[in-house]
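Given next are the chains, with one letter for each unit.
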Amino acid sequence: SAACQQRKLFFARIEGTAASESSELLVRLKEAAPISGVVHNDAGIPLPNVPLRFSLLGEPETQLSPALSGIDGTFRVEPRLVAAPKGWPFPTWKIEAVRPWVLAPAAVSLGDGPVDLTAELVTQ
């Protein structure tokens, strides 16, 4: 039924100088695409089965569902509605790998394009 349809997340993000009180600002909402990208090693070879965690910068207890990179290194996570923590202009997610994987520091916000992640397997 129509009541059972999945709700979509829309967002608008403006960067730069703030508008003055006398100006009008047209806000266009855009559907939030899934957070996606590819995990690879330093040589650029895609890495499958790398577990990823997404925690909100400024509020690490707020998390998205975890993801696991596929056979081609790609991953996809559905964003969800959260308020930006105080001091942050919009929600930004810190991306971490689960041990024994280590990920180069990475973060993503709504509307950012596919993310390129570099990971390394730590054996110690």
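Look above for the structure.
Now for a look at the structure at hand. All of these numbers come straight from a predicted model, not from anything done at the bench. Within any chain, residue numbers begin from 1 and follow the written order of that chain's sequence. Given that the model is predicted, a residue must reach a pLDDT of at least 70 before its local features are reported, and side-chain atom pairs must reach 80 or more before they are shown or counted; all residues, however, enter totals for whole chains, interfaces and linings. Just so you know, side-chain values use all the structure's heavy atoms and leave hydrogens and water out.

Moving on, we come to the sheet that holds strand β11 (residues 115-121). Only when DSSP finds a minimum of two bridges between them are two strands counted as paired. Strands here are runs of E lasting at least two residues and helices are runs of H or I lasting at least four, both read from the DSSP assignment and numbered beginning at the N terminus. Across the sheet, 4 strands lie side by side as β7-β3-β11-β9; this open sheet has mixed pairing. In this open sheet, the two strands that pair with only one neighbour each are β7 (74-77) and β9 (101-103). Recorded for the sheet is a direction-independent mean angle of 35° between the axes of neighbouring strands. Where β9 and β11 come together, 3 bridges link them in antiparallel fashion. Its bridge partner lying in β11, Trp-101 is registered against Leu-121. Fitted lines through C-alpha atoms give the axes, limited to the stretch in contact for helices. The angle between two N-to-C directions lies from 0 to 180 degrees.

Here we take up the environment of Asn-41. Structurally, Asn-41 can be placed in the loop between β3 (35-40) and β4 (51-56). Judged by relative accessible area, Asn-41 falls into the partly exposed class, the value being 21%. Here the alpha-carbon distance between Asn-41 and Thr-118, two residues 77 residues apart in the chain, equals 5.2 Å. In terms of polar contacts, Asn-41 uses its side chain to reach the backbone amide nitrogen of Ala-43, at 3.0 Å. In this scheme, a residue with accessible area under 20% of its type's maximum is buried, one over 50% is exposed, and one in between is partly exposed, where area comes from a 1.4 Å probe on protein chains only. By the criterion applied in these results, polar contacts are pairs of N or O atoms within 3.5 Å in which, for protein atoms, one can donate a hydrogen and the other can accept it, and in which residues neighboring in sequence qualify only through two side-chain atoms.

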